Amino acid sequence: MQTQTIQLINLAIGKPKEMRYGSEEKILNTAIQKEIVKEAYLMKEGFIGDGVADLVNHGGLDRAVCFYPAEHYSFWEADYGKTLDSAAFGENITISGLDERTICIGDILQIGEATVQITEGRVPCKTIDRRTGMEKQFKKMIETGYTGYFGKVLKEGKVRFDDSISIISRHEDAVTVYQAHQIYFRQIVDEETLQQLITNPSLSDNWLQHLKRLLKGAES
């Protein structure tokens, strides 16, 4: 299916807890501070031992697993002149070989015993800035398209840190996460691509409703 080498670099989980940030050491309850683990069981709702603090804007079946491309770490470290912690962006899986320009909405991944389908790009927030100590990073993530992405669980199962990852299915009208990102965030509307996204049954409902509004605006 794919020619590139795909690797699971880090597996991380974490429940919400207090995080101190900034020079004034303000306190925020968040699950972005995840810990590296050797294995975790993946349920429909996400990994056992993982969670979110903001149930309104985060979490849900369509966002059960958060991926972040390992290749972006060197970019951010060079840009800000600092070394980042592992799973610095709160991702469950740091993945190599599948960035936003390669992975498509609807792709199904085999990860250990589990299968996961990609549903949407990640919408960054200020919590990332507070976690990394990098000012306006979440805005730069949107500008670059280095956002990461989410998936829903089709088959539950155990995932280990040394498991292989492979694409086992790709939607016939495949649209990359980066292409979806350009439409969602920057409103660079290619109506054909927009239609492909809207008719893709694996697209998350949150993104579907947003893109329908864009399409309505483009048609009017």
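Residues numbered from 1 in each chain as written. Predicted model: local features only at pLDDT ≥ 70, side-chain atom pairs only at ≥ 80, totals over all residues. Heavy atoms only, no water.

J.: Can you explain the pairing of strand S3 (residues 26–30)? Please cite residues and give values.
T.: When strand S2 (residues 17–21) meets S3, the two strands line up antiparallel, connected through five bridges. When the sheet's bridge partners are listed, arginine 20 is paired in S3 with isoleucine 27. Between S2 and S3, which pair antiparallel one after the other, the connecting turn spans four residues, and glycine 22 there sits at a positive phi close to 75°. (Pairing = 2+ DSSP bridges. Helix = DSSP H or I, 4+ residues; strand = E, 2+ residues; numbered from the N terminus.)

J.: Before we move on, can you summarise the layout of surface pockets with the specific residues and values?
T.: Estimated volume of the largest pocket: approximately 820 Å³. In this structure, the largest pocket is lined by 36 residues; those nearest its centre are Val52, Asp54, His58, Gly59 and Phe150. Counting only elements with at least two residues in the lining of the largest pocket, the list comes to S3, strand S6 (46–47), helix H2 (126–132) and helix H6 (205–219). Among the elements that take part in the lining of the largest pocket, S3 stands out by supplying three residues, more than any other. (1 Å grid on protein atoms, 1.4 Å probe; cavity = no way out; pocket = protein on both sides within 12 Å on 5 of 7 lines; lining within 4 Å. Points joined across faces, edges and corners; volume = space filled by probe spheres on them.)

J.: Explain helix H1 (residues 71–80) to me, using residue names and the numbers behind them.
T.: When we look at burial in H1, the residues that qualify are His72, Tyr73 and Trp76. End-on, the buried residues of H1 take up no more than an arc of 105°, which puts them together on one face. At its buried positions, H1 is contacted by strand S7 (65–69), strand S8 (93–96) and helix H3 (137–144). Positive backbone phi, approximately 65°, marks glycine 81, located one or two places after H1. (Buried < 20%, exposed > 50% of the residue type's maximum accessible area, 1.4 Å probe, protein only. Arc of directions from axis to C-beta. Contact = heavy atoms within 4.5 Å.)

J.: Outline the packing of H1 against H3, listing residues and values.
T.: Their axes nearest at 13 Å, the elements H1 and H3 cross at an angle of 130°. Judged by the angle between their axes, H1 and H3 are oblique. Crossing angle aside, the handedness with which H1 passes H3 is right-handed. Contacts between H1 and H3 involve Phe75, Trp76, Asp79 and Tyr80 on the former and, on the latter, Gln137, Lys140, Met141 and Thr144. Across the contact of H1 with H3, the residue classes tally to four nonpolar, two polar and two charged. (Axes fitted to C-alpha atoms, helices over the stretch in contact; angles between N-to-C directions. Parallel < 35°, antiparallel > 145°, perpendicular 65-115°, else oblique. Left-handed = near helix turned anticlockwise from the far one by under 90°. Nonpolar A, V, L, I, M, F, W, Y, C, P; charged D, E, K, R; others polar.)

J.: Hey, could you go over the sheet that holds strand S1 (residues 7–13) for me, with residue numbers and the actual values?
T.: Across the sheet, which stays open at both edges, the eight strands sit in the order S4-S1-S8-S7-S11-S10-S9-S13 with mixed pairing between neighbours. The sheet is open, and its two borders are formed by strand S4 (35–36) and strand S13 (165–169), each paired with just one other strand. Note that S1 and S8 share four bridges and pair antiparallel. Bridging across to S8, leucine 11 finds its partner in isoleucine 93.

J.: Pulling in residues and values, what's your account of the packing of aromatic side chains?
T.: Enumeration according to the criterion identifies eleven aromatic pairs in this entry. On the basis of an interplanar angle of 35° and a centroid distance of 4.4 Å, the ring pair of tyrosine 68 and phenylalanine 89 is categorised as tilted. Of the two residues, tyrosine 68 is situated in strand S7 and phenylalanine 89 in the loop between H1 and S8; the sequence distance between them amounts to 21 residues. Classification of tyrosine 68 by relative accessible area gives buried; the value is 0%. Taking 4.0 Å as the distance between ring centres and 20° as the angle between the ring planes, the aromatic pair formed by tyrosine 184 and tryptophan 207 counts as stacked. Within this pair, whereas tyrosine 184 is found in helix H4 (residues 177–186), its partner tryptophan 207 is found in helix H6, the two being separated by 23 residues in sequence. Given the relative accessible area of 1%, tryptophan 207 is considered buried. What links up through ring pairs into an aromatic cluster is the set Phe75, Trp76, Tyr80 and Tyr146. (Phe/Tyr/Trp six-rings, centres within 6.5 Å; stacked < 30°, edge-to-face > 60°.)

J.: For the pattern of salt bridges, give the residues involved together with the corresponding values.
T.: In total, this model carries nine salt bridges according to the counting rule given. A salt bridge links arginine 131 to aspartate 85, with the shortest nitrogen-to-oxygen separation between them at 3.5 Å. Highlighted residues: arginine 131 in helix H2 and aspartate 85 in the loop between H1 and S8, separated in sequence by 46 residues. A relative accessible area of 18% places arginine 131 in the buried class. Given a relative accessible area of 48%, aspartate 85 falls into the partly exposed group. Among the salt bridges present, the one from arginine 170 reaches aspartate 107, with a minimum N-O distance of 2.6 Å. Taken together, the residues span a long stretch of sequence, with arginine 170 in the loop between S13 and H4 and aspartate 107 in the loop between S8 and strand S9 (108–111) at a distance of 63 residues. Among the charged side chains, a network of salt bridges with common partners joins Glu39, Lys158, Arg160 and Asp162. (Salt bridge = Lys/Arg side-chain N within 4 Å of Asp/Glu carboxyl O.)

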